[in-house]
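Chain by chain, the residues run as shown.
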Amino acid sequence: MTADSEDRRDFLQLTGAAFGAVGVACVAAPMINSLNPAKDTLALASTEVDISTIPEGEAKTVMWRGKPVFIRHRMKEQIESARDVDMNDLADKETDEDRVEKPEWLVTIGICTHLGCVPVGQKSSDVHGDYGGWFCPCHGSHYDTSGRIRKGPAPKNLAVPPYEFISDTVIKIG
Amino acid sequence: MGSSERTPFENPVVEWVDSRLPVFTMMQKEYGVFPTPRNFNYLWNFGAIAMFMLVTMIVTGIVLAMHYTANTELSFDSVERIMRDVNGGWLLRYIHMNGASFFFIAVYIHIFRGMYYGSFKKPRELLWMLGVVIFLLMMATAFIGYVLPWGQMSFWGATVITNLFSAIPLVGDSIVTLLWGGFSVDNPTLTRFFALHYLLPFVIFAVVFLHVWALHVTGSNNPLGLEPKTKKDTLPFHPYYTMKDSFGLVVFIIIYALFIFFMPNALGHPDNYIPANPLVTPAHIVPEWYYLPFYAMLRAITFDIGIPFTDIVIISAKLGGVIAMFGSILLWFVLPWLDTHPIRSARFRPLFRPLLLLLLVDFIFLGYVGSQSADATLLGLPLSAFGLLATGYYFAFFLVILPWLSKNEKGRALPASIHEAVLAKNKKAG
């Protein structure tokens, strides 16, 4: 074989292998994509909640995307204690104003940002932690009345899901 | 496996088959007359025992799958139905459930034997690496299998472990959504886990085949770590080691049966008999015992790693923990190049031996740390500090001590050959 035909052989082998690799990727893509959330799962991605039944000082847990969402009707003192905080005391610096649409309603995802446990504090008889909000029994994270992390191993504040007030008594989460 | 020389068999049926497909010749060569070092101790049983456990898990698993339903509404009840209504279902489930633990017991001993006697060293590096692949596949298979009964520990274990992938920068959250097939652990997660739990054991079987193939190319290591030189150093595999393996297997099965029949739930967690509830987290989430040392390493990293005196974080505590956990196993892949000391067996390495035994103690202690809640204390100090210390020794052993020993450790004098060492020992014993 001449040097020229050897080069041709190499080129054909490399392009053959490259096309094969692209072909495998094309076949794999729809199968992997089928594992992403299906349309019915996505259809459940928003939920409407009637909040008129939650009296002041009480809270309600609803499911959104398979996760618990905490909706708390905060009392005046709770709002004040959430706003009267020195930013330097916070591990994850966020003002209460940035975390709520309306001051009396706090909406957060009820999943501890440490390892995914559900904090307690929704019922008035529950433990509320050192800062009057929620307490995660798994590894001892304390959240305040704005759902911000104040003490313990969790790195971040309780997440605020996207939501809007459709009317004064109904919110749409998601 | 080609058509090399073949001695004809007397039985005409066997001969008819063998002349067309030489399976009998192969079995005879690989398991009959296969030359095996004559000085194996009982630690060499655990490869065969692990193979037995793999077959046990596949056989019981296939039958259990015929009774199980992979649906979040039905799974828990279908498992309870297996326990109460299916004929002998309790036995099948307890064999399978405890089988996972005993498979890991066998494999952990098998791995430690490989480290102690230097079985991973040249020319057996690839054999060892295939073994690490099998171990990783086993961990994945056992984890997704534990999710299937859809109890509280199934659900929350799955949540915590899949959430680990969210620590990966940039693409982490998309990967977690892809794993879940939704926005939390839910029905799509369960159905794909079931499909994978059925698939992966057969993948393990295929890698075990390669593992055994590689073993039969290099031949087995032995407690002295010397290569057999002459026929005097070896014995035919059958009947010597078929018998020794059978004996060890029977002893192992007796202990296994004690658990199945007298304490079937001793190694499990009672919370998994509570149906999964996404709204209530168990107060203390613990993985199965065979993950505990790695779980402890995950939790040992509680600090961000960043540029000093700035707020810039390069590796967050969460990512650091994940790296420590996976890194602790991935290190085993490069073990043949971390420990390049010319002597294989720890018997002839005065420093390696105690330090490796200390690693074993360290690993078991990590298991204890992993089993305790994160805010536990020991001797008045936070247990997490001990966890960090033990994690530190684990990594130091592989990354600092082994390379240092490879260069500086002076070994003891090696015997001239396996049979000389064995005969000298027999003479001494008189």
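Residues numbered from 1 in each chain as written. Chains lettered and ligands numbered in written order. Predicted model: local features only at pLDDT ≥ 70, side-chain atom pairs only at ≥ 80, totals over all residues. Heavy atoms only, no water.

1. Observations concerning the sheet that holds strand β2 (residues 59-64) of chain A
All names here are of chain A.
Consideration 1: The antiparallel open sheet is built from three strands, whose spatial order is β2-β3-β4. Both outer strands of the open sheet, β2 and β4 (105-109), are each paired with one neighbouring strand and no more. On average, each strand axis in the sheet is tilted by 20 degrees relative to the strand beside it, whichever way the strands run. (Pairing = 2+ DSSP bridges. Helix = DSSP H or I, 4+ residues; strand = E, 2+ residues; numbered from the N terminus. Axes fitted to C-alpha atoms, helices over the stretch in contact; angles between N-to-C directions.)

2. Some words on unusual backbone geometry
Residue and element names in this part refer to chain B.
Consideration 1: Between K122 and P123 the backbone carries a cis peptide bond, its omega angle lying at 5 degrees.
Consideration 2: Residue placement: P123 occurs in the loop between α5 (89-116) and α6 (125-147).
Consideration 3: With omega at 5 degrees, the peptide bond leading from H238 into P239 counts as cis.
Consideration 4: Along the chain, the position of P239 falls in helix α10 (residues 237-262).
Consideration 5: Even without glycine at this site, L170 takes up a positive phi of about 65 degrees.
Consideration 6: Locating L170 in the fold gives a position in the loop between α7 (152-163) and α8 (172-180).
Consideration 7: Of note, L379 is a non-glycine position whose phi angle comes to about 50 degrees, a positive value.

3. Some points on the packing of aromatic side chains
Consideration 1: With the rule as written, the count across this model stands at 45 aromatic pairs over all chains.
Consideration 2: For the ring pair B:F40 and B:W44, a centre distance of 5.3 Å and an interplane angle of 15 degrees mean the geometry is stacked.
Consideration 3: With relative accessibility at 11%, the residue B:F40 sits in the buried group.
Consideration 4: Geometry around B:F183 places A:R65 over its ring, the cationic atom sitting 3.7 Å from the centre. (Phe/Tyr/Trp six-rings, centres within 6.5 Å; stacked < 30°, edge-to-face > 60°. Buried < 20%, exposed > 50% of the residue type's maximum accessible area, 1.4 Å probe, protein only. Lys NZ or Arg CZ within 6 Å of the ring centre and 35° of its normal.)

4. Digging into a positive patch on the surface
Residue and element names in this part refer to chain B.
Consideration 1: A cluster of like positive charges, contributed by R347, R353, R412 and K425, occupies part of the molecular surface.
Consideration 2: Relative to the helices and strands, R353 resides in helix α14 (residues 352-371).
Consideration 3: Classification of R353 by relative accessible area gives partly exposed; the value is 36%. (Patch = residues over 30% accessible without salt bridge, like charges linked within 9 Å, V, L, I, M, F, W, Y side chains within 5 Å. Areas by Shrake-Rupley, 256 points an atom, 1.4 Å probe, with all protein chains shown as cover. Salt bridge = Lys/Arg side-chain N within 4 Å of Asp/Glu carboxyl O. Lys, Arg positive; Asp, Glu negative; His and termini not counted. Charge placed at Lys NZ, Arg CZ, Asp CG, Glu CD.)

5. Structural notes on the packing of α6(B) against helix α9 (residues 187-218) of chain B
Residues and elements named next belong to chain B.
Consideration 1: Two elements in contact, α6 and α9, have axes separated by 9 Å at closest approach and are oriented at 160 degrees. By the angle between their axes, α6 is roughly antiparallel relative to α9. For α6 against α9, the interelement crossing comes out left-handed.
Consideration 2: Looking at side-chain class alone, the contact of α6 with α9 contains 22 nonpolar, six polar and no charged residues. (Parallel < 35°, antiparallel > 145°, perpendicular 65-115°, else oblique. Left-handed = near helix turned anticlockwise from the far one by under 90°. Nonpolar A, V, L, I, M, F, W, Y, C, P; charged D, E, K, R; others polar.)

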